[in-house]
Amino acid sequence: MTGTLAIIGPGTLGCSLGDWAARKGFQVRLAGRNLEHARRGRERIEKQWQEGVRKGRITPGAVAEAQLRLQAAATWEEALDGAQIVIEALPEAAAVKAP
């Protein structure tokens, strides 16, 4: 299965899911509080991939392909637009989840 996956929350869980999904062929849109927060999540995933290359766990080609599928979204709406699957990976804090 492939498609577009929106992940709301670029923390530990969101980044782990984004890493896995991008390597498995999903288009991944990672959204956070703002674009910078989402970009930091993307950078965290890319850093994990580079460590994986260094240790021989993933090939540079696989990283290059996954990078094309991983996108930082500026807003939740941008991440959700056209997504077939949505994962909410926010902290368990009412203030974070309340509109």
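We now turn to the structure provided with this report. Since we're looking at a predicted model, the values are computed, not measured.

## Some remarks on the packing of aromatic side chains
All told, the structure shown has one aromatic pair when counted by the stated rule. When the centroid spacing of 6.1 Å and the interplanar angle of 35° are considered together, the rings of W20 and F26 count as tilted. Judged by its relative accessible area of 8%, F26 falls in the buried class.

## Digging into the pattern of salt bridges
A full pass over the atoms with the stated rule returns four salt bridges. Where R23 meets D19, a salt bridge forms, and the shortest distance between an N and an O atom there is 2.5 Å. Of this pair, R23 and D19 both sit in helix α1 (residues 12-23), four residues apart, which is roughly one turn of that helix. Residue R23 is classed as partly exposed on the basis of its relative accessible area, which comes to 39%.

## Quick word on the packing of helix α2 (residues 35-54) against helix α3 (residues 60-69)
Across the interface, α2 lies against α3 with an axial gap of 9 Å and an inter-helix angle of 165°. Between α2 and α3, the angle is such that the two are roughly antiparallel. Where α2 crosses over α3, the handedness of that crossing is right-handed. For the pair α2 and α3, contact is made by R42, E46, W49, Q50 and V53 and by P60, V63, A66 and Q67, respectively.

## Section: the pairing of strand β1 (residues 4-8)
The element β1 is extensively covered by neighbouring structure, given that five of its five residues are classed as buried. The side-chain alternation of β1 yields two buried faces, one formed by T4, A6 and I8 and the other by L5 and I7. Note: β1 against strand β2 (residues 27-31), five bridges, orientation parallel. Directly across from A6, in β2, lies its bridge partner R29. A crossover connection joins β1 to the parallel β2 through α1; in handedness this β-α-β unit is right-handed. Pairing analysis gives four bridges linking β1 to strand β4 (residues 85-88), with the strands arranged parallel. Each bridged residue has a counterpart across the sheet, and for A6 the counterpart in β4 is V86.

What counts as what
- Residues numbered from 1 in each chain as written.
- Predicted model: local features only at pLDDT ≥ 70, side-chain atom pairs only at ≥ 80, totals over all residues.
- Heavy atoms only, no water.
- Phe/Tyr/Trp six-rings, centres within 6.5 Å; stacked < 30°, edge-to-face > 60°.
- Buried < 20%, exposed > 50% of the residue type's maximum accessible area, 1.4 Å probe, protein only.
- Salt bridge = Lys/Arg side-chain N within 4 Å of Asp/Glu carboxyl O.
- Helix = DSSP H or I, 4+ residues; strand = E, 2+ residues; numbered from the N terminus.
- Axes fitted to C-alpha atoms, helices over the stretch in contact; angles between N-to-C directions.
- Parallel < 35°, antiparallel > 145°, perpendicular 65-115°, else oblique.
- Left-handed = near helix turned anticlockwise from the far one by under 90°.
- Contact = heavy atoms within 4.5 Å.
- Pairing = 2+ DSSP bridges.
- Right-handed = clockwise from strand over helix to strand, strands pointing away.

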